[in-house]
Amino acid sequence: MSDPYENTPERVFAALPPAQGRGFAQSWWGQAWLKALEDATLDSQQLKTGRRLARAGAVGAVSVRPGRVTAVVKDRDHTAHRADVLLQELSEEQWDRFLGMAVERAGHIAALLDREMPPHLVEDAATAGVELLPGLGDLEAECDCDAWDHCGHTAALCYQVARLLDQDPFVLLLLRGRGERELLDELQLRSVSQTETAAAPQETYTGVDATEAYAAGEILPPLPEVPAVPAEPGLPPSLDTETDPAPGVDPAALEFLAAQAAREAHRLLVDALRAGHEQRGTEAEPTPAQDAVRLASGGPQVSVAARLAEGSGRDREGLALAVRSWEYGGAAALDVLETDRPAEPETLARARAALESAWEEDERPVLRASRSRWTVVGGQSQLRLGPDGRWWPYRKERGRWAPVGPASQDPAAALALADGLE
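Residues numbered from 1 in each chain as written. Predicted model: local features only at pLDDT ≥ 70, side-chain atom pairs only at ≥ 80, totals over all residues. Heavy atoms only, no water.

*Asks:* With reference to specific residues and values, describe the pairing of strand β9 (residues 391–397).
*Replies:* Burial within β9 is extensive, with 5 of its 7 residues counted as buried. The pairing of strand β8 (residues 381–385) with β9 spans 5 bridges and is antiparallel. Bridge pairing in β9 places Ser-381 opposite Arg-395. Taking the residues that link successive antiparallel strands as the turn, the β8-β9 hairpin has 5 residues, and the phi of Gly-389 there is positive, at about 90°. Direction of pairing for β9 relative to strand β10 (residues 400–403): antiparallel, over a ladder of 4 bridges. Each bridged residue has a counterpart across the sheet, and for Glu-397 the counterpart in β10 is Arg-400. In this antiparallel pair of consecutive strands, β9 and β10, the connection spans 2 residues, and Arg-398 shows a positive phi of 50°. (Buried < 20%, exposed > 50% of the residue type's maximum accessible area, 1.4 Å probe, protein only. Helix = DSSP H or I, 4+ residues; strand = E, 2+ residues; numbered from the N terminus. Pairing = 2+ DSSP bridges.)

*Asks:* Please set out helix α3 (residues 92–104) residue by residue, giving values where relevant.
*Replies:* Here α3 spans 18 Å end to end across 13 residues, near enough to the 18 Å set by a 1.5 Å rise per residue. Those residues of α3 that sit buried are Trp-95, Phe-98, Leu-99, Gly-100, Met-101, Ala-102 and Val-103. (Expected span 1.5 Å × (residues − 1).)

*Asks:* Any chance you could break down the sheet that holds strand β1 (residues 11–13) for me, citing the residues and the numbers?
*Replies:* Ordered in space as β1-β2-β3-β4-β5, the 5 strands form an open sheet in which the pairing is antiparallel. Strands at the two margins of the open sheet, each flanked by one partner only, are β1 and β5 (140–143). Neighbour-to-neighbour, the strand axes of the sheet open up by a mean angle of 20°, direction not taken into account. Pairing geometry for strand β2 (residues 62–65) and strand β3 (residues 68–74), over 3 bridges, is antiparallel. Along β3, the bridge assignment pairs Ser-63 with Thr-70. Sheet strands in contact with helix α6 (residues 152–167) are β1, β2, β3, β4 (80–86) and β5, and its direction is about 60° off that of β4. (Axes fitted to C-alpha atoms, helices over the stretch in contact; angles between N-to-C directions. Contact = heavy atoms within 4.5 Å.)

*Asks:* Let's hear about helix α14 (residues 345–358): which residues, and what values?
*Replies:* The periodicity of an α-helix, 3.6 residues per turn, causes residues three or four positions apart to be oriented the same way. Taking 1.5 Å per residue as the helical rise, α14 with its 14 residues ought to reach 20 Å, and the 20 Å between its terminal C-alpha atoms agrees with that figure. The complete set of buried residues in α14 reads Thr-347, Ala-351, Leu-355 and Ala-358. The arc enclosing the buried residues of α14, seen along the axis, measures out at 75°, which places them on a common side. Away from the buried face of α14 by more than 90 degrees, exposed residues Pro-345, Glu-346 and Glu-356 are located. Buried positions along α14 lie against α2 (44–55), β6 (367–370), β7 (373–376), β8, β9 and α15 (411–419). (Arc of directions from axis to C-beta.)

Coordinates in, geometry out; function isn't part of it.
Here it is as structure tokens:
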């Protein structure tokens, strides 16, 4: 791997070893990249071929530069092909919005300067009108095998890029047009400039008589801009008034509910202002049992957690498992944890086809199916199939099946995540 601090528009990654028996994406960034590939590829056979080539170590050194990633991929007969995958660079105006957003949020600039990229950076960037991750059809393919769309060679390259994103998500920003050193230098400059601007004296306006203002309204200064969405939820008032509470009132529980209400209001506001919000469906209202799990995910005190467990009909361990599921995928993940319904015939057929194509014949694990759950025979891992066809990784912990990660379209990736905890 080249020096990440070298100010160059290209980075070259050495060929990675074969990936037998493991998923290609362990990180959130890598999984998001593979989802874009799966959405863009019409031929599932090409995806299968690409996975097989990448697993066999057929992808050579990978060159990443703005708008393009390139590698030589060898077929089983050792015929070499140059494969390129193209992703449109962000415009200067989009980069300006992205950097401005990052500087305005102290958590983002601190993470980026530490060479970290938190997943919620994508959501905040989208709110600013900048899509970092590729969307449907954004990954264009070029290969000297003369395929008109993604072929097994470009698919193999994309699977390899997912592994690179596991190592360093800054690869995505380079593809979008900015090298790491250039990006970090610009962030530091903007951060210093913002600090100096904040320290400068602010212009003030003096009031005028209301009659004069009405008579000369056309020369009044413009209204101020709408305030920006706060970076963090507001803090509710403290209930520590040194006054005994009324009978039956639990101040700790009230403070916790107020803090959770502020957090949920902030989340809803950010989501409402995100581009394309009006085109998304309305979220279903959580049931009381689901809402208890949502509240418990906020880290309440022991006494409040005990009340939530009792109110939701769960014991302490059951609530802990429910909270873990909620944090991995909300109500959908909670439903997979607590409901074992038979899959629809069409969903089941697609699931079996996905299981058969995810591994080579001699690598496929032995799975025992029971309704919507597939358990590794003789192992401690399990796959659970959601109603939407996604796979959820589970492991047995102290006699209970527990979720260990988010859902994946690829059953091999989900099972690799569960097996990787051994």
